[in-house]
Amino acid sequence: MADQHANRDGHSSRRTFVLATGAIGTSILAGCLEGDGDDGSGAGAGLGGASGGGNGGEPQDPMLSTDFDPENPDWENNNYLGGLIYENDYVRGSDFDLENMGDRGHTGAVYGTEPREHPDDPSEWIDPDPIVYAELPREDSESAYRDILEPMIETLEAETGRDVEFQTIDSYAAVVEGMRSERIHIANFATGNTPFGVNMAGMVPMAMGVEGDGQFGYRLLAITRADMDEIQSVEDFNDFRAAHTEESSNSGNQAPSALFDEHFGLTRGDNYNPEMSGGHEQSARGIAYGDYDCGPICSTCIEQTIDAVDDISWDDFKVVWAADPFPPGPIGYRYNLHEEIIEGARETWLNTDWSGTSYGEEAGYPQYVEVDYVNHWHDVMINQQFNGVEYDEEEL
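Reading guide: rules and limits
Residues numbered from 1 in each chain as written. Predicted model: local features only at pLDDT ≥ 70, side-chain atom pairs only at ≥ 80, totals over all residues. Heavy atoms only, no water. Helix = DSSP H or I, 4+ residues; strand = E, 2+ residues; numbered from the N terminus. Buried < 20%, exposed > 50% of the residue type's maximum accessible area, 1.4 Å probe, protein only. Contact = heavy atoms within 4.5 Å. Areas by Shrake-Rupley, 256 points an atom, 1.4 Å probe, with all protein chains shown as cover. Core = buried A, V, L, I, M, F, W, Y, C linked by side-chain atoms within 4.5 Å. Domains from an automatic or database assignment. Axes fitted to C-alpha atoms, helices over the stretch in contact; angles between N-to-C directions. Parallel < 35°, antiparallel > 145°, perpendicular 65-115°, else oblique. Nonpolar A, V, L, I, M, F, W, Y, C, P; charged D, E, K, R; others polar. Left-handed = near helix turned anticlockwise from the far one by under 90°. Patch = residues over 30% accessible without salt bridge, like charges linked within 9 Å, V, L, I, M, F, W, Y side chains within 5 Å. Salt bridge = Lys/Arg side-chain N within 4 Å of Asp/Glu carboxyl O. Lys, Arg positive; Asp, Glu negative; His and termini not counted. Charge placed at Lys NZ, Arg CZ, Asp CG, Glu CD. Pairing = 2+ DSSP bridges. Arc of directions from axis to C-beta. Polar contact = N/O pair within 3.5 Å; in protein donor to acceptor, adjacent residues only side chain to side chain.

**Overview of the overall build of the chain**
Counting its regular elements, the chain contains 14 helices and 12 strands. In the chain, which comprises 396 residues, the share counted as buried stands at 52%. Pairs at least 24 residues apart make up 78% of the contacts formed inside the chain by residues separated by at least 6 positions. Surface exposure of the chain reaches about 16,700 Å², of which carbon and sulfur atoms provide 41%.

Below is the structure:
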């Protein structure tokens, strides 16, 4: 994949030039490193705050900026203390991110195939009654969860004119196989098994849930300690002690392995050899305490760690890059359903306000928005391509 990084030397040269000529006064930066920690953004225990620092107590990184624009972070030219990430609600994706992800301009799937087109010939449609809707089981009993879903089921029945049967399934493989065999017609998929549904089961991703404030999903953050002035880009990770979490972790290993290779030319096992910390909390603690120098971490995971650990705060970390947010699992339907069922499903999820209902409260999504698989799932497909995922039963 080296051909994707032809500008890498130019990036390094630019950062060297900034280091040589960009004398930002450290007194300007000191104010953003202070805080009592009550909101989670102040420095904790001197790990990376104004009293810490590996260069006399104040950061000397000329790329460290106090002006964070969530809509244009400009990672090429800026680093930010974690407090700015937290204060600007950059932990999850926003409406702006969702629009940008949909407007990437890709016309074909970067890996695998695109969702199948709806057949023009009505004789190729299936018209099940009842429609079978499926989800993975939750902690609630099936009967209790059925009650939670009742507002959605009633709406789907009204919009399609057909009965709806709810089923729980016991694995991601089961939902893919159920839709492939036309025994499941609409289902709530997970982010990672969505490409399996598209490639193996004729699934068409339709809608994903967003929170009341429009936020969704999580981000992959590339972090270091606030006082690590030598680290200004993911490109620098290979010169220091980097931590990934676990081999099987998407956000802690598989996704950064793929995206660091795509965007920065760091190929794990070649010119980049991170250690495995054992988990996101271990990575966050290890970087804060100096056991590691840098690494990728799930944004919501580091948020949970900071909330749980008294002597770690957002401003103990510097963020040098963030990926586009990963989408949550979508609602998808079998491509060859009768057009009335598809239209009814679209009305149910895309044109219904679920605020105040048991369905909206349980899922945490008062509204659903339309998704474009080719663009919204681009990074997920890149990740799976890099990791050699094959869309077959053995990989499910």
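**Section: the nonpolar core**
Where a protein is soluble and globular, its nonpolar side chains tend to be buried together. With 71 residues, the main nonpolar core has Trp75, Val234, Phe237, Phe260, Ile302, Phe317 and Trp321 as its most contacted residues. Counting only domains with at least three residues in this core, you end up with domain 1 (108-214 + 328-387) and domain 2 (219-326). Phenylalanine 260 has contacts with Ala222, Val234, Phe237, His244, Gly265, Leu266, Tyr272, Pro296 and Trp321, leaving out every residue within four places of it along the chain. Within the second largest apolar cluster, 27 residues are counted, among which are Ile131, Ala207, Leu337 and Tyr368.

**Remarks on the packing of helix α8 (residues 250-264) against helix α14 (residues 378-386)**
In the contact formed by α8 and α14, the axes pass within 9 Å of each other and the chain directions differ by 90°. With respect to their mutual orientation, α8 and α14 come out roughly perpendicular. In this structure, α8 uses Asn250, Gln254, Ala255, Ser257, Ala258, Leu259, Asp261 and Glu262 to contact α14, whose residues at the interface are His378, Asp379, Ile382, Asn383 and Phe386. Among the residues making up the contact of α8 with α14, the classes are represented as 5 nonpolar, 5 polar and 3 charged.

**Considerations on unusual backbone geometry**
Between aspartate 129 and proline 130 the backbone carries a cis peptide bond, its omega angle lying at 15°. Note on placement: proline 130 falls in the loop between α4 (95-102) and β2 (131-135). Phi at aspartate 74 takes a positive value of approximately 50°, unusual for a residue other than glycine. Locating aspartate 74 in the fold gives a position in the loop between α2 (26-30) and β1 (80-81). Positive phi, normally seen in glycine, also occurs at glutamate 182, with a value near 65°. When its relative accessible area of 30% is taken as the criterion, glutamate 182 is described as partly exposed.

**What to know about the packing of helix α6 (residues 172-180) against helix α7 (residues 194-201)**
The interhelical angle for the contact between α6 and α7, taken along N-to-C directions, is 25°, at an axis separation of 9 Å. It follows from the interaxial angle that α6 and α7 lie roughly parallel. Crossing handedness for the pair α6 and α7: right-handed. Here Val176, Met179 and Arg180 of α6 lie close against α7, whose contacting residues are Phe196, Gly197, Met200 and Ala201.

**Some words on a negative patch on the surface**
Residues Asp89, Asp95, Glu99, Asp103 and Asp213 make up a contiguous surface patch of negative charge. When you line up the elements, aspartate 95 lands in helix α4.

**Observations concerning the pattern of salt bridges**
Following the criterion strictly, the structure yields 16 salt bridges and no others. Here glutamate 340 and arginine 162 are joined by a salt bridge, their closest N and O atoms 3.1 Å apart. Of this pair, glutamate 340 sits in helix α11 (residues 339-350) while arginine 162 sits in the loop between α5 (142-160) and β3 (164-168), placing them 178 residues apart in sequence. With relative accessibility at 40%, the residue glutamate 340 sits in the partly exposed group. A salt bridge links aspartate 293 to arginine 225, with the nearest nitrogen and oxygen atoms 3.2 Å apart. Placement of the pair is aspartate 293 in the loop between α9 (280-289) and β9 (294-298) and arginine 225 in strand β6 (residues 220-225), with a sequence separation of 68 residues. Among the residues examined, aspartate 293 registers a relative accessible area of 16% and is labelled buried.

**Some thoughts on the sheet that holds strand β11 (residues 331-334)**
Strand pairing in a sheet relies on backbone hydrogen bonds. The paired strands run either parallel or antiparallel. In spatial order, the strands read β3-β2-β4-β11-β5-β12; together these 6 strands make up an open sheet with mixed pairing. Each end of this open sheet is capped by a strand with a single partner; those strands are β3 and β12 (367-370). Here the average twist between neighbouring strands, direction ignored, is 25°. One ladder, built from 5 bridges, connects β2 with β3; its direction is parallel. Looking across to β3, one finds that glutamate 135 is bridged to threonine 168. Those strands touched by α6 are β4 (186-188), β5 (203-210) and β11, and its axis lies near 30° from that of β11.

**Details of α6**
For α6, the complete set of buried residues consists of Val175, Val176, Gly178 and Met179. Each buried residue of α6 sits inside an arc of 165° when the element is viewed along its axis, so together they form one side. Summarising the contacts, the buried residues of α6 are in contact with β4, α7, β5 and β11. Count one or two residues on from α6 and you reach glutamate 182, which has phi positive near 65°.

**Observations regarding the side chain of threonine 224**
Turning to its location among the elements, threonine 224 is positioned in strand β6. On the basis of relative accessibility, which here comes to 0%, the residue threonine 224 falls in the buried class. A distance of 2.6 Å separates a polar atom in the side chain of threonine 224 from the backbone oxygen of aspartate 293. If we skip the residues at most four places from it in the chain, threonine 224 touches Ile231, Ile287, Asp293, Cys294, Asp316, Phe317, Lys318 and Val320.

**Some thoughts on the sheet that holds β9**
Here we have 4 strands laid out as an open sheet, ordered β1-β10-β6-β9, and antiparallel in their pairing. Two strands in the sheet have a free side with no partner beyond their single neighbour: β1 and β9. Note: β6 against β9, 5 bridges, orientation antiparallel. Pairing of leucine 220 across the sheet is with cysteine 298, part of β9.

Such coordinate-based values are descriptive only and should not be taken to indicate function.
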